[in-house]
Amino acid sequence: MATQYAVTGTTAREIAASVEQGVTEGTLGPGAALPPVRRLADELGVSPGTVATAYKELRRRGIVVTRGRGGTTVAHAPVVGSRRPPKVPAGIRDLAGGHPDPAFLPVLTPPAGIAPVHGSHRGNPRLPALEELSRAWFARDGVPHEQVTFAHGALDCIARLLSVELTPGDPVAVEDPGFHHLLDLVPALGLRMLPVAVDDEGMRPQELDRALRAGARAVLCSPRAQSPRGGRFTAARRAELLAVLGAFPEVLVVEDDHNADISGVPLHSLVTGGLPRWAQVRTASKHLGIDLRWAALTCDATTRARHDGRMLLTSGWVSHVLQETAARLLADPATQALVARGQEAYTRRRTALLDALGRHGITAYGASGLNVWVPVRDESAVVNGLRTHGWWVAAGTRFRIAAPPAVRITSATLEEADARRLAADFASVLGEGEATYGG
């Protein structure tokens, strides 16, 4: 075992606690491999069934994941302890985070005065003004908006939807490659991921059909600005996916339209196709500010009732201070003009990087959004090679289940000259690793 951490215990509970302690203390880091069941059983003098039960409990609690022949490893974001993103080395240009350009984010201005309230807001959780603005936000793209509610961001919303709809062990269809926080969240909820391959047009219909036939009870997808690949649903792909979903009316389809205002492409949404169970969540963090932890959700009536019922029992409501801040921004013409300029810049910068890479013969993808996905043969070699040239990009492993290796580059802050220099450095790195890449 590469980590040199000695798992101890003679019962499933003790073995699980030993692994959890190693993860909490940092001795077992994200991605660290645990011993095979039979080997650990022999080392501890217990039955393989005891170790298997311990691993099952750790999977249920989101501490480890098991991926076929890849064995059992510590989750990339284990739900114990505190893990921060890797620190960007000093003097290195950060293109790994997926963040927008601060130049196109408005200043967050909370209300000047907050009057005290008697009791709580549980009886009136949503500000009417923000509710109407949210309805208009969805209506702009033709999305049904009769049942609107709020959450503390997309992940908070999706976690609540899945927790009230599914039970531990249920399978969920997810994009592969997909948003790394969602790929961490699903197993943390005790659910099983069924990967669905994506391309420039989003989920592939045959792959989605396979996942649904394998028992998926929910589908998580991005209609545009898909992270990390940048795909978006076209009208034709939307029709194909709806045809597949038509045979599975009991499945909940959740769209994460997280870049609704800065994706650079029109929306072709599955939730406009008459699905019985559906939801679309939109967040403000990418175009109004990362600290604005607010999301709007539109969905069918049953889904809203279940979501709001669970929220009532937990956080109760989204802070009215936060809601009023969001409402001011959504209604402010100057803010909307700033967001529009941001969308134009992001599209121009993403296209410039794709073109620059293409001129060096490097295949890359990014039909919408803030990121570009570049297939490679050795992620570590490329990440480390670009680091020596002053660039910090994200290895694709954190976004992948069965998809082939790649790196993700956030193009949000890259002007055209930067894109040309990065592409030249990328080509140089590939040239330096010619033997690794097979010539």
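One can find the structure itself at the top, above this paragraph.
None of these values were measured; they are calculated from a predicted model.

For this particular structure, what's the right way to read the environment of D170?
Assignment of secondary structure puts D170 in the loop between α5 (154–165) and β5 (171–176). Separated by 21 residues in sequence, D170 and L191 have C-alpha atoms that sit 5.3 Å apart. Residue contacts for D170: discarding those within four places in its chain leaves L191, R192 and R217. Of the polar contacts made by the side chain of D170, one reaches the side chain of R217; its length is 2.6 Å.

Help me understand the packing of helix α12 (residues 379–388) against helix α13 (residues 416–432), please; the structure alone is not making it clear to me.
For any two helices packed against each other, one specifies the crossing angle of their axes together with the interaxial distance. Closest axis-to-axis distance for the α12/α13 pair is 9 Å, and the angle between their directions is 125 degrees. The angle between α12 and α13 falls in the class oblique. In this structure, α12 meets α13 at a crossing whose hand is right-handed. Residues A381, V382, G385 and L386 of α12 form the contact with α13, whose participating residues are L422, D425, F426, V429 and L430. Among the residues forming the contact of α12 with α13, the class breakdown is 7 nonpolar, 1 polar and 1 charged.

Help me understand the packing of aromatic side chains in this model?
Ring pairs (aromatic) are described by centroid distance and by the angle formed between their planes. With the rule as written, the count across this model stands at 5 aromatic pairs. When the ring of W373 is compared with that of F399, the centres are 6.1 Å apart and the planes differ by 90 degrees; the resulting orientation is edge-to-face. In this pair, W373 is assigned in strand β12 (residues 371–375) and F399 in the loop between β14 (394–395) and β15 (406–410), connecting sequence segments 26 residues apart. Using a relative accessible area of 4% as the deciding quantity, one classes W373 as buried. Following the ring pairs from residue to residue traces out a cluster consisting of W137, F138, F150 and W294. For R229, the ring lying beneath its charged end belongs to Y365, and the centroid distance is 3.9 Å.

I tried to follow empty space enclosed by the protein on my own but got confused; where do I start?
Rolling a probe over the atoms, with the probe sized like a water molecule, indicates the empty space that remains. Considering all chains together, one arrives at 3 cavities of 30 Å³ or more under this definition. Computed from the structure, the largest cavity encloses a volume of approximately 50 Å³. Residues of the lining of the largest cavity, tallied by class, amount to 5 nonpolar, 1 polar and 1 charged.

Sorry, what's going on with the layout of surface pockets here?
Empty space within the second largest pocket amounts to approximately 410 Å³. R59, T66, L191, R192 and M193 are the residues nearest the centre of the second largest pocket, which is lined by 16 residues in total. Looking at the lining of the second largest pocket, the elements with two or more residues in it are α3 (48–60), β1 (64–66) and β6 (192–199). Taken together, the residues that form the lining of the second largest pocket break down as 8 nonpolar, 3 polar and 5 charged.

Explain the pattern of salt bridges here, please?
Where charged atoms of side chains with opposite charge meet at close range, the side chains can pair. In the structure shown here, the tally under the stated rule is 32 salt bridges. Between R213 and D209 there is a salt bridge, with the nearest N and O atoms lying 2.9 Å from each other. With a gap of 4 residues between them, R213 and D209 both fall in helix α7 (residues 205–213), about one helical turn apart. Here the salt bridges share partners, and the residues they tie into one network are R126, E131, E132, R135, R304 and D308.

What counts as what
- Residues numbered from 1 in each chain as written.
- Predicted model: local features only at pLDDT ≥ 70, side-chain atom pairs only at ≥ 80, totals over all residues.
- Heavy atoms only, no water.
- Helix = DSSP H or I, 4+ residues; strand = E, 2+ residues; numbered from the N terminus.
- Contact = heavy atoms within 4.5 Å.
- Polar contact = N/O pair within 3.5 Å; in protein donor to acceptor, adjacent residues only side chain to side chain.
- Axes fitted to C-alpha atoms, helices over the stretch in contact; angles between N-to-C directions.
- Parallel < 35°, antiparallel > 145°, perpendicular 65-115°, else oblique.
- Left-handed = near helix turned anticlockwise from the far one by under 90°.
- Nonpolar A, V, L, I, M, F, W, Y, C, P; charged D, E, K, R; others polar.
- Phe/Tyr/Trp six-rings, centres within 6.5 Å; stacked < 30°, edge-to-face > 60°.
- Buried < 20%, exposed > 50% of the residue type's maximum accessible area, 1.4 Å probe, protein only.
- Lys NZ or Arg CZ within 6 Å of the ring centre and 35° of its normal.
- 1 Å grid on protein atoms, 1.4 Å probe; cavity = no way out; pocket = protein on both sides within 12 Å on 5 of 7 lines; lining within 4 Å.
- Points joined across faces, edges and corners; volume = space filled by probe spheres on them.
- Salt bridge = Lys/Arg side-chain N within 4 Å of Asp/Glu carboxyl O.

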